[in-house]
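The lines below spell out each chain.
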Amino acid sequence: MNTALSWIKAYVPELACTDQEYCDAMTLTGTKVEGYERKDKNLEKIVVGQIVSIEKHPDADKLIVCQVSIGSETIQIVTGAPNVKVGDKVPVVLDGGKVAGGHDGGPLPEEGIRIKAGKLRGIPSNGMMCSIEELGSDRNMYPEAPEMGIYIFPEDVEVGADAVELLGMHDTVFEYEITSNRVDCYSILGIAREAAATFRKPFVAPVVKATGNDEDVNDYISVEVKDTDLCPRYCARVCKNIKIGPSPKWMQRRLAASGIRPINNLVDITNYVMEEYGQPMHAFDLDTIAGKKIIVQRAKDGDEFQTLDGQIRRMDSDVLMICDAEKQIGIAGIMGGENSKITDEVKTVLFEAATFNGANIRKSAKRVGLRTDASGKFEKGLDPRNAEAAINRACQLIEELGCGEVVGGMVDVKVPLKELTVLPFEPEKYNQLLGTDVSKEEMLQIFERLEIGTIANSCGDICLEIPSFRQDLLGRADIAEEVARFYGYDKIPTTLPSGEATTGKLPHKLRIEKKARDIAEYCGFSQGMSYSFESPKVFDKLLIPADDVLRQTVTISNPLGEDFSIMRTLSLNGMLNSLATNYNRRNKNVKLYELGNIYLPKELPVTDYVDERMQFTLGFYGDGDFFTLKGVLEEFFDCVGMSAKKEYDPAAGKPFLHPGRQALVKYEGETIGFLGEVHPQVLDNYNIGTRAYVAVLDMPKVLPFTTFDRKYEGIAKFPAVSRDISMVVPKDILVGQIEHIIEQRGGKLLESCELFDIYEGSQIKEGFKSVAYSITFRAKDRTLEESDVAGAMKKILNGLEQLGIELRA
Amino acid sequence: MQAQGLFLIMAQVSVFRAGPRTLSANESLDLGIRVVPRIIRPLLCMQQGTFFVYSTRTPIIEMTRKEDTMKAKVDQIREQALAQIKDCDTIEKLNEIRVSILGKKGELTEVLKSMKDVAPEDRPKVGQWVNETRTEIETVLEEAKTRMEKAVREAKMRAEVIDVTLPAKKAEIGHRHPNTIALEEVERIFVGMGYEVVEGPEVEKDYYNFEALNIPADHPAKDEQDTFYINGDILLRTQTSGVQVHEMEKGKLPIRMIAPGRVFRADEVDATHSPSFHQIEGLVIDKNITFADLKGTLAEFAKEMFGEDTRVKFRPHHFPFTEPSAEMDVSCFKCGGKGCRFCKGEGWIEILGCGMVHPHVLEMSHIDPEEYTGFAFGVGLERIALLKYEIDDMRLLYENDIRFLKQF
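Sequence positions are assigned chain by chain, starting from 1 and proceeding in written order. Working convention: letters from A go to chains and numbers from 1 go to ligands, in the order in which they are written. With the structure being a predicted model, the display of local features is reserved for residues of pLDDT at least 70 and the display and counting of side-chain atom pairs for 80 or more, all residues being used for whole-chain, interface and lining totals. The side-chain figures draw on all heavy atoms in the structure; neither hydrogens nor water molecules are used.

Asks: For this particular structure, what's the right way to read the packing of helix 6 (residues 265-277) of chain A against helix 9 (residues 384-400) of chain A?
Replies: In a pair of packed helices, the angle between the axes and the distance between the axes together describe the arrangement. Residues and elements named next belong to chain A. Simply put, an axis is a line fit to the C-alpha atoms, just over the touching stretch for a helix, and the angle between two N-to-C directions goes from 0 to 180 degrees. Helix and strand assignments come from DSSP, with helices taken as H or I runs of at least 4 residues and strands as E runs of at least 2, each series counted from the N terminus. Where helix 6 contacts helix 9, the two axes come as close as 10 Å, and the packing angle between them is 140°. Remark: the crossing between helix 6 and helix 9 carries right-handed chirality. Counting all contacts with helix 6, which are made through Leu-266, Ile-269, Tyr-272, Val-273, Glu-276 and Tyr-277, the residues of helix 9 involved are Asn-386, Ala-389, Ala-390, Arg-393, Ala-394, Leu-397 and Ile-398. The residue classification treats Ala, Val, Leu, Ile, Met, Phe, Trp, Tyr, Cys and Pro as nonpolar and Asp, Glu, Lys and Arg as charged. All others, Gly included, are polar. Its residues placed into classes, the contact of helix 6 with helix 9 shows ten nonpolar, one polar and two charged. Two helices that cross are described as forming a left-handed crossing if the nearer one is turned anticlockwise from the farther one by less than a right angle, and a right-handed crossing if clockwise. The criterion used for residue contact is that any of the two residues' heavy atoms lie within 4.5 Å.

Asks: Mind showing me how you'd approach the sheet that holds strand 1 (residues 2-4) of chain A here?
Replies: Two pairing modes exist for strands in a sheet, parallel and antiparallel, and in both the strands are linked by backbone hydrogen bonds. Residues and elements named next belong to chain A. The pairing criterion is simple: DSSP has to find at least two bridges between the two strands. Spatially, 1-11-2 is the arrangement adopted by the three strands of the open sheet, whose pairing is antiparallel. Each edge of the open sheet carries a strand with a single partner, namely strand 1 and strand 2 (32-38). In this sheet, adjacent strand axes meet at a mean angle of 25° when their direction is disregarded. Both strand 1 and strand 11 (residues 172-177) contribute to a ladder of three bridges, which runs antiparallel. Residue Asn-2 lies in a different strand from strand 11, and its bridge partner there is Glu-175.

Asks: Please explain the interface of chain A and chain B as it appears in this structure.
Replies: How big an interface is tends to be stated in terms of the accessible area lost upon association of its parts. Every contact between the two is made by 86 residues of chain A and, on the other side, 82 residues of chain B. We define buried area as the total accessible area lost by two parts upon association, computed with a 1.4 Å probe and summed across both. Taking both partners together, chain A and chain B bury about 7200 Å²; carbon and sulfur atoms supply 54% of that area. Of all residues in chain A, A:Tyr489, A:Met529 and A:Tyr609 give up the largest surface area on contact with chain B, accounting jointly for 11% of the area buried on that side. For this document, the term salt bridge refers to a Lys or Arg side-chain nitrogen within 4 Å of an Asp or Glu carboxyl oxygen. Summed over the shared surface of chain A and chain B, the number is eleven salt bridges. With a shortest N-O distance of 2.4 Å, A:Asp518 and B:Arg176 are connected by a salt bridge. Breaking the side of chain A that touches chain B down by element, the ones donating at least two residues are helix 2 (19-28), helix 7 (358-368), helix 10 (427-434), helix 12 (476-487), helix 13 (508-522), strand 27 (526-527), helix 15 (572-584) and strand 30 (590-600) of chain A. Tallied by class, residues from the side of chain A that touches chain B come to 31 nonpolar, 30 polar and 25 charged.

Asks: Could you clarify how one ought to interpret the packing of aromatic side chains in this entry?
Replies: In this description, a pair of aromatic rings is defined by centroid distance and the angle of the planes. In this analysis, rings of Phe, Tyr and Trp, with Trp reduced to its six-membered ring, are considered paired at centre separations within 6.5 Å, and the interplanar angle assigns stacked below 30 degrees, edge-to-face beyond 60, and tilted for intermediate values. Counted under the stated rule, the structure contains 35 aromatic pairs over all chains. On the numbers, 6.3 Å between centres and 55° between planes, the contact of A:Phe425 with A:Tyr430 is tilted. We call a residue buried when its accessible area falls under 20% of the maximum for its residue type, exposed when it is over 50%, and partly exposed in between, using a 1.4 Å probe and counting protein chains only. Owing to a relative accessible area of 0%, A:Tyr430 belongs among the buried residues under this scheme. Linked through ring pairs, A:Tyr531, A:Phe533, A:Phe564, B:Phe228, B:Phe264 and B:Tyr398 together constitute an aromatic cluster.

Asks: Teacher, can you tell me more about unusual backbone geometry here?
Replies: When glycine is set aside, most residues are seen to have a negative phi, and most peptide bonds are trans. Here the residue pair A:Leu604 and A:Pro605 is connected by a cis peptide bond, since its omega of -5° sits within 30 degrees of zero. Topologically, A:Pro605 is positioned in the loop between strand 30 and strand 31 (611-621). Of note, the bond from B:Leu253 into B:Pro254 is cis; its omega dihedral lies within 30 degrees of zero at -5°. Relative to the assigned elements, B:Pro254 resides in the loop between helix 10 (242-249) and strand 4 (255-264). Even without a glycine there, the phi angle at A:Asn241 is positive, about 55°. Among the secondary structure elements, A:Asn241 is positioned in the loop between strand 13 (233-240) and helix 5 (249-257). The class of A:Asn241 is partly exposed, set by a relative accessible area of 45%. Phi at A:Leu543 is positive, roughly 60°, even though this residue is not glycine. Along the chain, A:Leu543 falls in the loop between helix 14 (538-541) and strand 29 (566-567).

Asks: Got a minute to help me understand the pattern of salt bridges in this structure?
Replies: Between side chains of opposite charge, a pair can form when the charged atoms approach closely. Scanning the model with the defined rule gives 81 salt bridges over all chains in all. For B:Glu185, the salt bridge goes to B:Arg188, with nearest N and O atoms at 3.0 Å. Of this pair, B:Glu185 and B:Arg188 both sit in helix 7 (residues 178-192), three residues apart, roughly one helical turn. Residue class for B:Arg188 comes out partly exposed when judged on its relative accessible area of 45%. Here the residues in one salt-bridge network are A:Lys32, A:Glu34, A:Glu177, B:Arg315, B:Glu327, B:Asp329 and B:Glu350, joined through shared partners.

Asks: Please clarify how the pairing of strand 15 (residues 293-298) of chain A should be interpreted in this entry.
Replies: In summary, the side chains of a regular strand alternate between the two faces of the sheet. All names here are of chain A. Sheet topology note: the strand 12 (residues 222-225)/strand 15 ladder contains four bridges and is parallel. Residue pairing for strand 15: Glu-224 is matched across the bridge by Ile-295. The pairing of strand 15 with strand 18 (residues 320-323) spans four bridges and is antiparallel. From the neighbouring strand, Ile-295 faces strand 18, where its bridge partner is Cys-323.

Asks: Sorry if this is basic, but what is going on with the sheet that holds strand 26 (residues 462-465) of chain A here?
Replies: Residues and elements named next belong to chain A. The sheet built from three strands is open, its strands ordered 24-26-25 with antiparallel pairing. Both outer strands of the open sheet, strand 24 (422-424) and strand 25 (453-456), are each paired with one neighbouring strand and no more. Averaged over neighbouring strand pairs, the angle between their axes works out to 40° when direction is ignored. Looking at chain direction, strand 24 and strand 26 are connected through three bridges and run antiparallel. In the sheet register, Leu-423 faces strand 26, and the bridge partner there is Leu-464.

Asks: Could you clarify how one ought to interpret the environment of A:Phe620 in this entry?
Replies: All names here are of chain A. Along the chain, Phe-620 turns up in strand 31. On the basis of relative accessible area, Phe-620 is assigned to the buried category, the value being 0%. Separated by 81 residues in sequence, Phe-620 and Lys-701 have C-alpha atoms that sit 23 Å apart. Apart from the residues lying within four places of it in its own chain, the contact partners of Phe-620 are Phe-525, Leu-579, Val-590, Lys-591, Asp-625, Thr-628, Leu-629, Arg-691, Ala-692 and Tyr-693.

Asks: For this particular structure, what's the right way to read the confidence of the model for chain B?
Replies: Residue and element names in this part refer to chain B. pLDDT expresses, on a scale from 0 to 100, how confident the predictor is about each individual residue. Predicted confidence across chain B gives a mean pLDDT of 82, with 83% of residues reaching 70 or more. Scored below 50 in pLDDT, residues 1-64 shows 50 contacts in the model against residues more than four places distant or in partner chains. What the predictor reports for the complex is a pTM of 0.82 with an ipTM of 0.87.

Asks: What am I meant to see in the domain arrangement of chain A here?
Replies: On domain assignment, one finds that chain A holds domain 1 (2-39 + 172-199), domain 2 (44-166), domain 3 (217-414), domain 4 (423-491), domain 5 (508-705) and domain 6 (721-807). Domain delimitation follows an automatic or database domain assignment. One C-alpha centre belongs to domain 1 of chain A, the other to domain 5 of chain A, and the line joining them spans 54 Å.

In structure tokens:
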């Protein structure tokens, strides 16, 4: 919403403040000023001059030499402008003054353009005559300006007067952010009311006097509203003997400052009233309306209608139409029809000021694909009382501007108007909610400024009568906010909540996630973040089979595009994309991790919450291998109290991983994640030109095993006994199997076993590898005897032999 | 007394010899050098004292010839030893000297062995001389050894000088995402004030995202937020505010919670927009909670988050689920409020939206607004991260370029 301060001041005449003061004060009472711009920025020393004489420039065909009177003196100006003649009154910038832009109307330079006396082709020129573009505006806003050349004032202006003033440019345009609850502030009057309350100055509403001749509007038109749920009020008035012409300058200036192009008196009046009252109006050419009848009803599915912008639009039965006895003539609240539009030949005008159902207008505007200034206002839900006020204002302007003759009376079809809201006056409750100590009297003063009436109910208690334009004031909290706004948010004290103390805490899940971040970072991995939604093509890139359950996704019905259309069911795409980005940018040794959800549907189509599973995903390329990643996982397990044996099952069956370099991670029999080297085909698909490794832990599976409880188990007091064994092992036996045997058979005395050598090569026979373990035994309560260890070793060796393992000498 | 002292020395030495296993000559020597002065020195001192008293009472002339010879012999050994030690320049040579004089077959030991030739009444005196000499030699040997070891160590260190300006060997730890750094900071502050951190679903029901927050079906706010829908009832949450409702429905009061999380809006990706970003919701419900409490709490938060000198400004605003509502600005933490490019010259930066929980919202969650009141607030995490770390393009947060991440 943009408005000129001068228009606000028209209704708050005592308002006196700087632009910045206005901006700050309005913002602090809730009408946020987003910014403001002075219309006279960079316009300095510009006066009205009158051309006394014109001579040809002796040395230039396209230049003329003018003597220009500026009242106190006459100065010589050389110009190339084609449109001036002797006697014209024009804006003249004097030596040392400034203009806003160049004559070409391009972007305005920040500092403007300084004008100095000089010589043009040898002839002194002591100023410059200005075009409207040089004054920082254009013909859209000043339609009387010539297409090319110097702006020419009407004859009655005073020579030497302030030209900027005459153009209405000593003004500031403010841009507001109006919150959606304040429908009334989408109007000049609404903002003026707020300004008046903010600055504690009187608000002077426009005086709308009764208009109309002694004819009866009912002889001209009748109105029938068939769908009253969508149109609670429809007001219609008629003006005849319309004389189309330009609207007066003051109206043009105000519209221009609001960003609305002046067109002609009739259009300008409807726009002016829309800005002023926030009530959109529509004008029909009455002679195009069949049967002198307006019918308001829903369209039929599939109806086509040509709007006055020439477009043909398809309707459905939720769109409300304005019709005459034979045809549709407008889409209610959105745009009129080509078939009833006003032309310069119009004789009689039918004004419509109606109230439509806001939600319906919003939906219809979307459906029809046409959001207009009018629909933007209607969709917020307007005050039905405002329709009448606005239509009368328009008729008054028709009369005042000599635009036509107003027919007496108004057709008014409406459901009974809602009574004004009445709320109890509860000063203690307001103070209680705000934590303030505002006096009753001060509150009542605030209400008075806001036009909230005070009445006594049947018990004699004071009650608040809410004006109809404040549809947002419905309860105690709303009134408390009004008190707070005008008492001043800044004056409300700052305290801390009293009452029962609560324990601040991070739940276990989040503590474990924090630990995961810590460990990943200690191990050199940096945290990445990727989107939760991705393309369904991801599954092909990751070689996921067509019938895989991972392809059953939670799908967005209105995505930004196919690339963001499904909720991820595995976390690898984001990780691989991130690694690819880094690889393409030639970053070396990139290690990343992410903690983010995947989204698994519990059923399709989705009818309830989906299974959101936090995934701890690690990925890297560069220094390191499979076991680097395995090490990170184990560091994490250690730090979250998962001290039991982790199993790594190579039969992971992950299509996106190298078939010989992948494993499921199992803990106490439960699969909690996987890790592996990325499949070379997948690397190709992501344009990663080097080996990469990924690991994913499914945190909901991990969490039940995690704990921060620790117990000191003592430090061994008695010496350990170690035995080293060296074995020749068939190649396909995993060291995990060997360890499993050792652990299974080592008995209570077994403390640990540690792989210290593994070798395949020339000294070992084909199909075998050499593996060496150091096995340590210890008792907590005594020094072990040779015989204690011998028994355990025997069992272990027996077990190993059963796997086809030979002991080396 | 003297005899006892001597016995003690001998006894001590014999302990080394009678250890659990046979020590090599070198080892026993080492132990001798190290242990004798430390353990037995107090005893020796006592002996010396006694000896001093004794010797003044006994004229030297009374010594026998044998004594004289012995004395001369011991003195000679001492002079010779001291001279050798003085000339010695390596620890190895020093050990040789020790063995040759104090060792099992050393000269001084030989003197003791020849004690049988001394008259019994003179033996204590001779023993005393020998012990005294032995102690003296040992002390000088020890000093010389310490000196030489020190010299050796210093020479070694002189040879080990390094260029301390060579590059560091870093453990190459990873870096946390700026969003997370900002989030953990917010969590730390509110947990310290007694708030619990809770989570809610990202794929949410329309009811929790809108309706229970006073945004009914036809409310314009539903359009403003450009919601991603899964179907008519299920959507990607556009705000973390729904977690408020889940928390209130649990029926446990009072509530002090913050709920961080991912939210989604149908914004095209550009420097200032992302279809996925993070919010932190806050909610306090208790008896007698006031707007003043809201101001106080958030002012405290702002100081902790942006620095002790941070000022806050509350502006009236509108949210469907709070009334009264406000937006909070903080004085620009880059320029302190003077105006700079971060605050677009305004001196203030808009940080969060907040307000008193709307009575209708409380009612819908079965909390009696006549008894309980509360406040809620919502902070955009990316907004804080972008401002605080001067990140000029939101896309950087989701690209995961390691050169970006390493800066945090």
